[in-house]
Each structure stands twice: as C-alpha cells, then as structure tokens.
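Each chain, letter by letter, is given below.
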Amino acid sequence: MELLEDVFIRCEQCGRIIGIHKEDFDFESYVYDHGENGMGEEIEYRHDGFIECDGCGNEISFRISGYEYPVGAFNYEDSKITGGSFDKEPHMGVIYSRDDFDPNDAYPEYSRVEQLIMEIAQDRDLIYNISPREFEEIIERVFQDEGFETTLTQQTRDGGRDIIATKFEMGKPVVFYIECKRYGRQNSVGVSIVRSLYGVQSADRINKAILVTTGHVTRGVRKFVEDQNTLMSVIDIEEIHELIRRSARKI
C-alpha cells in the first residue's frame, strides 16, 4: 500500500504550501484479526507525520492511513491534520510490485544489505530510496559492526523497538531499544515519537533508547532527549552516514 501522488499541505498560520514527495513517507503496518466471522486479517498502513512551516515555524501534525481488507485488496483510506490542511486529500492504493532500491551488480559477492551499505557509503542520498524495512536491516548491521548483539523485531506492532541491541560490559548485559524512522528530507520527527519510545523503555526497564532517523530532528525532540540525560540519544542523518561508512570499511 502506497500513496499514489505527492502530498501538499497548506499552513493555517501563513498559508504557505509545503510539498512532500510520496516516496518520502514511511508507513508503519498494523494487523487486525477479524476472527472466524470475518474475511481474515485487515492491515492498516499508517504514517504519523510532523513538519514545521518554513515560513512561520508553525507546527503541523498529520496522519494518513490506508487499509487492506481482505489482505491484498484496497478497502478505504483516512487522513487527519492539525495546524494546517491538505491542499488535496491524499489518496492511497495497493501497489503489487515495486523495487524500492535496485543496487547495481558492482558487489555480486556480497549480501543485499552489504550491497546497500556500500552503495549508500558512496552516495548518502540513496538512503532515501530504500524501504523502511531495509533501513532497519542496515541499522541492525551497523550496530553489529559496532560490537552489539542484535535482534530485529517483526515489522508490525514492534512497540517502539525495531531493534534490540545488547552489549556486554564486565560480563553484564547492557540493553538498547533502537527505533528507526526512515523519513524524507522534509519530514520532521515529532516529540511524541521520543516520548513514546521513552515510555516503552521505562516500562521495560531498558538501559537506553536510541532514535535513528533520516528526518529533521526538531528542537523539541532534542530537548526532550537531553532532559533524559544518558538514558536516550538521537542519531541523525549525518551520524547515520558516518556509521554506514565505517561499516562499509569493515565489509
């Protein structure tokens, strides 16, 4: 399920139009079981977005959802927005085949994730062409190369932890929850994401939580993370690319 066209948002404060390319949306998937009386599972594809208007700094949050029911068939779509309005309602549809990223055959002896890492190490912008799941797989490999033991969680309902990473210090495990957000260049990370991640971390009594994102990290997000002292951190696009370059040198 994907957006069929780019999205344009009008700021309610200054009227500026903000365009977001359809490829820059990162959809999380949620599965609902309708039981024996239904037609099997329903899948919701949801993007929770947050942007700041370049003209006036107004904060705009929105949600775009599309539903498959039964699986493989488009059912309906829904969208909500606060702080602005959609210049045209977003439309979604089921895409039955798509190559999110097709690296060339320069490294045929390596795995798909290794090829992606080496390609992105050479051209940082290629990271915006991969799927959210491929982004998670790359970040998992990067943390493995940094000495962590990792577990990549299932794609649906991961509960704020795409990767569980563990390092042993003096024989004791130090556990990290890593949330990955492969956002577009213009998409901002809202503070609700780090608040939710911190809530999961606190409930599970995990040592540290890390948000890894290609999107714009707002001042509110950085302040919230800083307020948690050493319990949380954010890895942005510059740090991601440096980690990927380091990983590529080890392959």
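Residues numbered from 1 in each chain as written. Predicted model: local features only at pLDDT ≥ 70, side-chain atom pairs only at ≥ 80, totals over all residues. Heavy atoms only, no water.

K.L.:
Explain the overall build of the protein to me, please; I cannot follow it from the model alone.
P.N.:
In terms of regular secondary structure, the protein is built from 5 helices and 16 strands. Taken across its 251 residues, the protein has 49% of its residues classed as buried. Counting contacts in the protein only where the partners sit at least 6 residues apart, residues at least 24 apart contribute 55% of the total. Carbon and sulfur atoms form 43% of the exposed surface of the protein, whose accessible area is close to 13,000 Å². (Helix = DSSP H or I, 4+ residues; strand = E, 2+ residues; numbered from the N terminus. Buried < 20%, exposed > 50% of the residue type's maximum accessible area, 1.4 Å probe, protein only. Contact = heavy atoms within 4.5 Å. Areas by Shrake-Rupley, 256 points an atom, 1.4 Å probe, with all protein chains shown as cover.)

K.L.:
How should I be thinking about the sheet that holds strand S16 (residues 232-235) in this particular structure?
P.N.:
Strands pair in a sheet through their backbones, by hydrogen bonds, and they do so in one of two ways: parallel or antiparallel. With respect to topology, 5 strands assemble into an open sheet ordered S10-S11-S12-S14-S16, the strand pairing being mixed. Two strands in the sheet have a free side with no partner beyond their single neighbour: strand S10 (149-152) and S16. With direction set aside, neighbouring strand axes in the sheet form an average angle of 20 degrees. Pairing geometry for strand S12 (residues 172-181) and strand S14 (residues 208-213), over 6 bridges, is parallel. (Pairing = 2+ DSSP bridges. Axes fitted to C-alpha atoms, helices over the stretch in contact; angles between N-to-C directions.)

K.L.:
I'm lost on the side chain of Ser188 in this one. Help?
P.N.:
As for its placement among the helices and strands, Ser188 is situated in strand S13 (residues 188-189). If we skip the residues at most four places from it in the chain, Ser188 touches Phe50, Ile51, Glu52, Tyr183, His216 and Thr218.

K.L.:
For this particular structure, what's the right way to read the nonpolar core?
P.N.:
One recurring pattern in soluble globular proteins is that nonpolar side chains are buried together. Ranked by internal contacts, the top residues of the largest apolar core, which has 30 residues, are Ile127, Ile138, Ile139, Ile178 and Ile244. Of all the secondary structure elements, the ones that give two or more residues to this core are helix H1 (112-122), helix H2 (132-145), strand S11 (163-169), S12, S14 and helix H5 (237-250). When near neighbours in sequence (up to four residues on either side) are disregarded, Ile139 contacts Ile163, Ile178, Cys180, Val212 and Ile240. (Core = buried A, V, L, I, M, F, W, Y, C linked by side-chain atoms within 4.5 Å.)

K.L.:
Would you mind going over the packing of aromatic side chains with me for this structure?
P.N.:
How two aromatic rings sit relative to each other is set out by the distance from centre to centre and by the angle between their planes. Taken as a whole and judged by the stated rule, the model has 7 aromatic pairs. Taking the centre distance of 6.3 Å and the plane angle of 65 degrees together, the rings of Phe25 and Phe62 count as edge-to-face. One end of the pair, Phe25, is in the loop between strand S3 (17-20) and strand S4 (28-33); the other, Phe62, is in strand S6 (residues 59-68), and 37 residues separate them in sequence. Phe62 gets classed as buried once you look at its relative accessible area, which sits at 4%. Ring pairs connect the aromatic residues Phe25, Phe27, Phe62 and Phe86, which therefore count as one cluster. The ring centre of Tyr30 lies 4.3 Å from the NZ or CZ of Arg46, which sits over that ring. (Phe/Tyr/Trp six-rings, centres within 6.5 Å; stacked < 30°, edge-to-face > 60°. Lys NZ or Arg CZ within 6 Å of the ring centre and 35° of its normal.)

K.L.:
Could you clarify how one ought to interpret the state of the cysteines in this entry?
P.N.:
By definition, a disulfide links two cysteine residues through a covalent bond between their sulfur atoms. According to the stated counting rule, one finds 0 disulfides in the structure shown. Between Cys53, a cysteine without a disulfide, and Cys14, which holds the nearest cysteine sulfur, the sulfur-to-sulfur distance is 3.5 Å. (Disulfide = S-S within 2.5 Å.)

K.L.:
How do you make sense of the packing of H1 against H2 when you look at a structure like this?
P.N.:
Contact pair H1 / H2: the axes reach a minimum separation of 10 Å and the direction vectors enclose 85 degrees. Taken together, the axes of H1 and H2 are roughly perpendicular relative to one another. Each of Arg112, Val113, Glu114, Leu116, Ile117 and Ile120 in H1 lies in contact with H2, whose residues at this interface are Glu134, Glu137, Ile138 and Arg141. Split by residue class, the contact of H1 with H2 holds 5 nonpolar, no polar and 5 charged. (Parallel < 35°, antiparallel > 145°, perpendicular 65-115°, else oblique. Nonpolar A, V, L, I, M, F, W, Y, C, P; charged D, E, K, R; others polar.)

K.L.:
Is there a simple way to think about the pattern of salt bridges in this case?
P.N.:
Once the charged atoms of two side chains with opposite charge are near each other, the side chains can pair. As enumerated under the stated definition, the model contains 18 salt bridges in all. A salt bridge links Glu146 to Arg246; the shortest N-O distance between them is 2.7 Å. Separated by 100 residues along the polypeptide, Glu146 in the loop between H2 and S10 and Arg246 in helix H5 bring together distant segments of the chain. Here Lys181 ties to Glu179 by a salt bridge, and the two come within 3.5 Å at their closest N and O atoms. Judged by its relative accessible area of 9%, Lys181 falls in the buried class. (Salt bridge = Lys/Arg side-chain N within 4 Å of Asp/Glu carboxyl O.)

K.L.:
Sorry if this is basic, but what is going on with the pairing of S11 here?
P.N.:
Remember that side chains alternate between the two faces of the sheet whenever the strand is regular. Across 4 bridges, S10 lies against S11 in antiparallel orientation. Bridge pairing in S11 places Glu149 opposite Thr166. Relative to S12, S11 runs antiparallel, the two sharing 7 bridges. Across the sheet, Lys167 pairs through a bridge with Val174, a residue of S12. Where S11 folds back onto S12 in an antiparallel hairpin, the turn is made up of 2 residues, including Met170, whose phi is positive at roughly 55 degrees.

K.L.:
Explanation requested: the sheet that holds strand S2 (residues 7-11) in the structure shown.
P.N.:
Pairing in this open sheet of 3 strands is antiparallel, and the strands run S3-S2-S8 from one edge to the other. At either end of the open sheet lies a strand with only one pairing partner, and these are S3 and strand S8 (84-86). Pairwise comparison of adjacent strand axes, ignoring direction, gives a mean angle of 25 degrees for this sheet. Of the pairings in the sheet, the one linking S2 to S3 comprises 4 bridges and is antiparallel in character. Bridging from a neighbouring strand, Val7 pairs with Ile20 of S3.

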